[in-house]
Each structure stands twice: as structure tokens, then as C-alpha cells.
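Chain residues, written in single-letter form:
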Amino acid sequence: MTFSRSFFLLLCVIHIGHCTTTKYFTFEEDPPGTEIGNLSQDLKIDPAEDPETSFKFIQKTSSVIEMRLGDGLLSVGEVIDRERLCQRELKCLITFDVVAFSKEKFQLIHVEVEVKDINDHSPHFTRNETHLDISEDAPLNSRFPLDVAIDLDVGDNYVQSYRISHSSHFVVEASSREDGVKSAELVLIKNLDREVEEFYTLEVIATDAGDPAKSGSATVHIRVLDSNDNSPTFEHSSLKVELSEDSPVGSRVLKVHAFDPDAGINGEIVYGFIEGSPTEVTRVFQIDLLSGEVTLRDAIDFESRRSYELHIQASDLGGDSVSSTCRAIVDILDVNDNAPEIRIKPMTSSSDGVAFITEAAAEESFVALIATSDRDSGPNGYVRTTLEGHEHFKLQQAYSDTFMILTTTTLDREAIPEYNLTVIAEDLGTPPFKSVKHYTIRITDENDNAPTFSKSRYDVSVMENNIPGSYMTTVVARDLDAGKNGKVSYSLIDGTTPDGSPMSTFMSVDPHSGSLYTLRSFDYETLRDVEFSVKAIDKGFPPLSSTTLIQIRVVDENDNIPYFTYPVLQNDSADISLPLNAPAGYRALRFSARDEDSGTNAELSFHMLEDESQLFSVGKASGEVALKRRLTLSCGDVLEIKVSVVDGGRTPLSRTAVIRFVVADEDQVLIVLRSEEVQILGFDVFLVVGFSGCCVLLLITITVICAVKRRRRSFRRDGLYGSTPLSKNCPAGPTAFLRNESESMQPCLYEDKSLDFEEKLFLPCKPFEQTFLWQDDKYCLQQSGSSNTDQLSVKDSGKGDSDFNDSDSDSSGAALRRGLTSFQPLARGSFIAAGNWKSGVIQTRDIAPPGHAYTIGFAHSHAHGHAHSHAHVWREGHPQLNMVNGPMQTFSRTGTLPSYSAHQLRSTRPGVEEQTQTAVSSEVATTF
């Protein structure tokens, strides 16, 4: 059955950074498992309140004491032999230090376990028998030393008394030496007579005070010698001297002197140590046989032994000599011959001279224990300890000559990962001895730093049409922590692109290196900018993370071929009418083109590739085709040119167009549009005229269709855009579309044979100018009185036109690519005045009722003449009809009508609209 014997002494009760000392005891030879004490109970630490509570040895040097980590229960680890552990120490202590961790606090506990002695050893003598010679005339109270009994126990269990078997001549007396050893002497109490009894045999018994008491014995044989007149006698039967421990070998210790009044050899005295003296005495000291001088035979050390007891005897050289004895006590004096010793015991350590503490430790956290000692005594053994190296640490006394290293502030491993401290221990001797020990404290890492990217935003450029899997860039995040706490991995924070696709389908990030790669090819025309985030996370617990923004700009590549937006091409060609007798410099056509690329890749230029007639030139930047000299061809002649549009890419891309100019000379042009095209067209005059004269025009159209039922001539509507070949028909007789009373005109009509019944165009051949003026979102029809040419310059207003409204912008053709159609009248004529209505008949055959029709007449006027001119002018978004008196209403149109698909029909103010409708109705009544 195991049992616990312990007591608890609380020296101080303070928290972190201070020390608590507990004292327990146990008996030697207690069986393993015997409980000694419970630290958690004695220190009022309840492990149930904090499951993380733990107790740990700072440095475990022996296995005789075991401790349970959860509650600090101390128990015997193995059988303790006190005599072997502490030898003859009166108090046998097992000391160690424990760190208790509870409620996030460290507490240093100094534990002292006293091993109590049990009487497990009996006294015994080194010799079982000894022999002693005593002269018959020895005086009473003469003393004769006996062998010392040895007992390994201490205290009461050690030898306490000596006794001898019954004798009428001798008694035994015990005494304690300076070192605590019990010795015995045989005392003569009755005179001896050799002639009566020559031999005596005594039994000496040594007994301890244990329970039960134990004893040991030895036999002493005494021989009585015949009387010698005189025996040597010491001046002093007992001596005591002091000897410094630093005395050199050979130094004189003491000198004894004995007297013998006999003469001759009976008076000659010799000295020596008594038989059976301890070997430690005979090893350290020696005595001169004749002089009695004792000298050092070997070095002495106060720290090893502090006193010696010498038993010296003096004998004469006569027969039957009886010796006498003298006891000399030699006390060793301490000198400051030992430097202080420093022992450092860290709380946590994996190597000598290094202590570890976490950077999460609070202020005044315990780091290591410093124990100092000095083997010297008195002031020579008093030690003063200091700590140098850094202000973040300090010393605080724990107990006796033991100090704690404590932190003075919170620590930061990333700022200072390691401290080199110096411990200095200095005694108070003269001169003082100093010891210095360097010590390293390393800060262990806590996951207190999140990964940090080198940039808060990365701007990356990627060429479009990149190969999937291409490298883009590498993001780098640094974590100041160490080990797993500083190991960073990267991941993509998934999102969506502007078109709704998952971001993870476009790119990926290497989790180890942070390198970004594309997963598919980018298209600049579809996706120009991508923005997403990358997260860096460490492997600490709990993990910390941060993000950075990645902005990818897709760089345009010249991968789109430019295309013409005006004129609309069919099979890369278009037919454009050209006025007869057009002057030099006449603008026959203005190309518009577009390139889906951007930057220099979308900078377009126009080039003339083929021109057999050498009549035309093209503006490189403007795309305007103009005549180099006056046109002298006949009606119906065809001129063909090939023009290319080239972008500005490093490897230029181009597209060509073949334009056929058809020479036309007639007085009237009729355009038939479907109702939805009129609504899309944002031209206010068409709105006014169309709605005002819709019914009248419809009746006229039906009449004309009936009149020319047998003959249809139309000019293909696509020819209006310059994309359809024309056929020339010269009608004769009453079936002509356009004729006067004198029948002096020979009209040349062209018919678009590919159009259906709803869309027919009749074009007479007559010189006209094929340009338009488009300014401030208003179409302007301008009149000229000149009979030769009516060409006017056209210039963009530059007042905030949009890309759709800017006649100089290539992007105006965007609407054309949406499948919508635009138109351009290709001839000019004149509205026939009321007085001349019979001499000019417009026949509109096969015109569908759902469409709207309008006519545009052109007078034979010079470009710079202004007499008798009439003009429709639109200003500030409202149509106004300016009427000028004259015999004929003539209109000239400059510029090319833009794509009506890019504009919406505008509404007009009620007052202006009413005025315009009135004017138009009046003119129509006059004309028809």
C-alpha cells in the first residue's frame, strides 16, 4: 500500500514573473508510485477551469521524482537511497523547478523534496579486533583512543553511544568531533599489575538511536607491559590549529613535543600517527619521527573538507616502551579561491546556452532560471548577479541565489528574432572573483503577420489572340513570420467577366509561385479589360490572408481587316452615277470605312490601285474621290476604279473596292422608299413633304403606272448605293417616262431590274452634284441659280457631333453594317412649274402603294450664280421653307445623304410644321 507524506510551504503567491516555493518530504526506500504532493491542489490551481493547464519540469535531472503533467501530482519514480544520494549530509534535499501554465499565465514553482532517513544501516568498525599495549605503571585516567564506528545513517539513526563489556579497570567515553563523527576513548580507572593479570579482552559496542536501535561491536586485546621507569608525556594532550586552504604542500601545520626523563635510549622519543588513523589523514599530513613536526603532504580544499582530527603518539626507544597520545584538530580556513558558478535553466530549450520564448508572451513572462553559487564561505561565497544585453529583459530574485529572467515588454520576432544576453556573477571576496556567461534567447514565431503583396494593384498587359497557357505575370506576397506561419499559397478569387463568364475560365494562378497564366485566348474586340483579385494565405493557425487587385488590359492586335461602310458593296463593288460634264475637282464619291481594331491598327488610309482613265484621285485620309479634270464623256459611259483601304498596323491589312462610275444626263430622279425607311430617316423635310403630300403623290403614282404599263424603266436601288450594274434604255415615243411638248429631250433611263414591285427607281441622265451638307444634326438642301454646276463645299460643323452624326467620322458607317440601308439620289432635275406641267410628264409605273415618293428637281444653274434661287434651309432642328419669286422652283442638293439608319425621325414644332406644310402644299399644287 502506497501512502503520501508531504507538507506544503508557500513562500510567495504572485502571478507571472514571480516564484512560488513548495516543500515536501518523503522517506528513503519508499516504493515507486508513492505520492509526495499535488501542486495544483496546494497552489489552488483548478485544472477543470482551464483544460490547457499543464505542469512541466524546467530541467529534469533525475528520475527519482515523477510529475503528472495535468495536475502536478508528485510521486516517487524509483526507490531512493538517501546514503547514496546525499552521503552524510544532515539534510538531503531533491530540488527542481516546475513551470505551471494556467489561464494563459506562466508560474514558476520551486520544489524542495526532503528525503527522510530511515535506520537501514547498523554501526560497524573497520577492524573486528584491535591490540593495545599498556604499561603496568600507567597513571590513572590515561586515555587510549579506540577505532571509530561507522554508521551511514544520520541524525538519531547514527552512532549515539559506545559501551564496553564489564571491566573493573577500564571505562569508555564517547565524544563528537568537529565533523560530527562520534569517537571513543578507553580510560584507565584502576592501576594495572602485570604480575597479577597480563592480558585483558574487552568488547566495544557502538549503538545508534534508531527505532529499533542497531549496534555493532569490535574486540580489543590489551597487553600489560612490565614497568618502564618513565613514559613520554606531551606538553599538551589536545591541540587546535587553523590552516588556510591555499597553504602550499610542505607547509608546517603544527609541532608536538613530549618529555621522557629517562636517559639513553629510554629517553629518546619518536612520533607518529596512531595505528588505524584514517587514510585521509595519512594522505594529507605527515609527521617527522624525531621532531614531531606535522607538515602538509597534499593540497587541502576547504570546499572538500573543513577540518581534520589527528591522533599523534610519542614512544621512547627503550624496552617495553609505553606510548602516550595527543589529539590535534586542524581547521581549514577558507580563502576566495573559487569564482562564482552560473547555471541557467531555460523554460524551453533544445540546446545548451539557448532559451526559447514565444513572441506572444505577455510582459513579465518567465524565460529562464539562473542559479549562482560559490563554494567559498562568508563574504567569499556571497554572489552578486547582474544581467546585461538588452532592456527587454531583467533579473528578479526567485529564491536564495536563484534569479529569474523576465521580459519587460512584449516581444516581436520580426523586429528582433534573437537576443544575446550576458549574465555576470561576482563574489564579495578580496580580491573579488567574477564569472561571465553569455546566453542566447530566441523568439519563437506566432502567426501574427498576414502575407503582404509587393503591390496593392498589378497592371498587366496581354496581347489579344494569346496562346492559352501563356504566362502573364507573377504576384509576390511576403510573410514576415517563419516556418508554416510564413509559407504562402495563392488562389484566384473567382468572379465574372463583363460578359458573365467565370473568371476562373480565363486565367489561373500557381498556388506556390503566384504566377498567373491565361486559360484561353483574349479577344480585344470582345473583352478589353479584366479585373480580379488574388488571395495570399499562410499556413498558420489560424491562417491569415490578404488580397491584391489584378487589372489586365488586353492589347489590340491588328487582326481585323478594314471594311467599307459607304458605299455599300456587293461582291466588293458598287455602281455610282457621275454627272455629265462634271468639272475638274468635282467630288464624285466619299468613301467611309471602319476597322474593329483600335489605335494605329484602326488608322485607315485610302489608296488608288487602278484607274485606267487617269481621271480620279483619292484623298488618303478623307477617302474623297475627285475628278482631276473636266468630264467629257457621253451619257451611259462607265469608268471603273479600284480603291483600297489600309489600316496602320505593323502588318497592314487592307480591303479593295471596285467602283464603276456611270455617266448620267437627265432632268428628274424619282426615289421610292418604304414607309419604315422614311421613319428611320431623320430628315425633317422628308417628314413634312411626305406626310403633307402623301395622298396626292399616291394618286399621281397610280396614274403614272397606268400610263406606262407596257414599259418599265427603273434604276436599281442598290445602284443608288453604288453596288448594282446599270442597263441603259433610251425610250422613244409616247411611252417615255420624262418628256416635254416639243419632245426635244432624249431621255436616258436606267432601271433596277432586281428590285421587287415595292421598290423602283427611275433615273434620267442629267448632271448633278453628288454631295450633301450635314451640319448640327440637320440636313440642308441648298439652291443655286447657276446652269453649269451646283457643287458646294461641305464641312462638318464640329459642334459636338456624335460618331453617328459626324459626316467625317468613319464610325458613321456602323449603322450600315446592321443590315439597314441608306440611299443617295444619283441625278438631278427640276420641279416643273405650273405653266410647264404639260410639257413634262413624270410617269411612275409599277410603284407600290405602301411606299412614299418624293422628287428632287435640279435646274441647269452655275455653281456660283444665285439669281432666282429657292432653298429649303433647316436651322435649330426645325424645317423652314424659304420661297423666292421666280418662274420655276429649282433645288440643288450638295453632299451625300448619310445613312438614314443612324438617325431617328425628328418631330417639329406645331407652328413651324404648319407653316412648312402650307408652303409645300402650295408648291405641289403649282407643280402638278
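This is a predicted model, so every value here is computed, not measured.

How each quantity is defined
- Residues numbered from 1 in each chain as written.
- Predicted model: local features only at pLDDT ≥ 70, side-chain atom pairs only at ≥ 80, totals over all residues.
- Heavy atoms only, no water.
- Helix = DSSP H or I, 4+ residues; strand = E, 2+ residues; numbered from the N terminus.
- Buried < 20%, exposed > 50% of the residue type's maximum accessible area, 1.4 Å probe, protein only.
- Contact = heavy atoms within 4.5 Å.
- Areas by Shrake-Rupley, 256 points an atom, 1.4 Å probe, with all protein chains shown as cover.
- Core = buried A, V, L, I, M, F, W, Y, C linked by side-chain atoms within 4.5 Å.
- Pairing = 2+ DSSP bridges.
- Axes fitted to C-alpha atoms, helices over the stretch in contact; angles between N-to-C directions.
- Disulfide = S-S within 2.5 Å.
- Salt bridge = Lys/Arg side-chain N within 4 Å of Asp/Glu carboxyl O.
- Phe/Tyr/Trp six-rings, centres within 6.5 Å; stacked < 30°, edge-to-face > 60°.
- Lys NZ or Arg CZ within 6 Å of the ring centre and 35° of its normal.

Draft legend 1. Quick peek at the overall build of the chain. Along the backbone of the chain there are 8 helices and 62 strands. For the chain, with 928 residues in total, the buried portion stands at 50%. Taking the intrachain contacts of the chain between residues at least 6 apart in sequence as the baseline, contacts between residues at least 24 apart amount to 72%. Summed over all atoms, the accessible surface of the chain reaches about 43,700 Å², with 49% contributed by carbon and sulfur.

Draft legend 2. Representation of the environment of L146 within the structure. Relative to the helices and strands, L146 resides in the loop between strand 10 (143-145) and strand 11 (149-150). Sequence separation of L146 and E185 is 39 residues, and the distance between their C-alpha atoms is 5.3 Å. Every residue in contact with L146, bar those within four places of it in the chain, is listed here: V172, A184, E185, L186, V204 and V220.

Draft legend 3. Expanded view of the nonpolar core. The biggest cluster of nonpolar side chains holds 28 residues, and the ones touching the most others in it are L578, F616 and F661. Mapped by element, the contributors of at least two residues to this core are strand 43 (563-566), strand 44 (573-579), strand 45 (587-590), strand 48 (616-618), strand 49 (624-627), strand 50 (638-646) and strand 51 (654-664). With residues up to four places along the chain from it excluded, the contact list for L578 reads Y586, A588, F616, L627, L631, L639, F661, V662, V663 and A664.

Draft legend 4. The arrangement of the sheet that holds strand 9 (residues 129-135) in detail. Reading across from one edge, 9-16-15-12 is the order of the 4 strands in this open sheet, with mixed pairing throughout. Two strands lie at the open edges of the sheet, namely strand 9 and strand 12 (159-164), each paired on one side alone. Taking the axes of each pair of neighbouring strands and ignoring which way they run, one obtains an average angle of 25° across the sheet. Bridge analysis of strand 12 against strand 15 (residues 199-208) gives 5 bridges, and the strand direction is antiparallel. Within the sheet, the bridge partner assigned to I164 lies in strand 15 and is V204.

Draft legend 5. Looking closely at the state of the cysteines. Summed over all chains, the structure comprises 1 disulfide. Across the disulfide from C86 sits C92; the S-S distance is 1.8 Å. Judged by the sign of its S-S torsion, about 60°, the bond between C86 and C92 is right-handed. The class for C86 is buried, based on a relative accessible area of 11%. Note on C92: relative accessible area 0%, which makes it buried.

Draft legend 6. Focus on the sheet that holds strand 21 (residues 269-273). Pairing is mixed in the open sheet, where 4 strands are placed in the order 18-25-24-21. Strand pairing shows two members of the sheet lacking a second neighbour, strand 18 (238-244) and strand 21, which therefore form its edges. Neighbour-to-neighbour, the strand axes of the sheet open up by a mean angle of 25°, direction not taken into account. The sheet contact formed by strand 18 and strand 25 (residues 324-333) spans 7 bridges and is parallel. When the bridges of strand 25 are listed, K240 appears paired with I329.

Draft legend 7. The arrangement of the pattern of salt bridges in detail. Evaluation of the coordinates by the stated rule reveals 26 salt bridges. One salt bridge connects E112 with K23, and the closest N-O pair in it is separated by 3.7 Å. Of this pair, E112 sits in strand 7 (residues 105-116) while K23 sits in strand 1 (residues 19-27), and the two are 89 residues apart along the sequence. Relative accessible area serves as the criterion here: at 25%, K23 is assigned to the partly exposed category. Across the salt bridge formed by D71 and R68, the nearest N and O atoms sit 2.8 Å from each other. In this structure R68 comes out as partly exposed when scored by relative accessible area, which is 44%. Residues participating in the shared-partner salt-bridge network are R127, D147 and E275.

Draft legend 8. Representation of unusual backbone geometry within the structure. Looking along the chain, the bond that leaves T430 and enters P431 is cis, with omega of -5°. Among the secondary structure elements, P431 is positioned in the loop between strand 32 (418-427) and strand 33 (434-444). Here the bond from Y566 into P567 is cis, since omega is -5°, no more than 30 degrees from zero. On the secondary structure map, P567 appears in the loop between strand 43 and strand 44. One non-glycine residue, K44, lies in positive phi territory at about 60°. Counting through the fold element by element, K44 comes out in the loop between helix 1 (39-42) and strand 3 (54-57).

Draft legend 9. Spotlight on the packing of aromatic side chains. Under the counting rule described, the total for this entry stands at 14 aromatic pairs. Centroid distance F234 to Y271: 6.2 Å. Interplanar angle 50°. Geometry classified as tilted. Here F234 is found in strand 17 (residues 233-234), whereas its partner Y271 is found in strand 21, with 37 residues between them in sequence. For the pair shown, F234 and Y271 are each scored as buried. Seen from their ring centres, F564 and F606 are 6.4 Å apart, and the 40° between their planes marks the pair as tilted. With F564 in strand 43 and F606 in strand 47 (residues 605-611), this residue pair connects regions lying 42 residues apart in the sequence. Residue F564 shares its accessibility class with F606, and that shared class is buried. Aromatic ring contacts, followed pair by pair, group F564, F591 and F606 into a single cluster. Here the basic side chain of K116 rests over the ring of F25, its NZ or CZ set 5.6 Å away from the ring centre. Its end group placed over the ring of F506, R520 keeps NZ or CZ at 3.7 Å from the ring centre.

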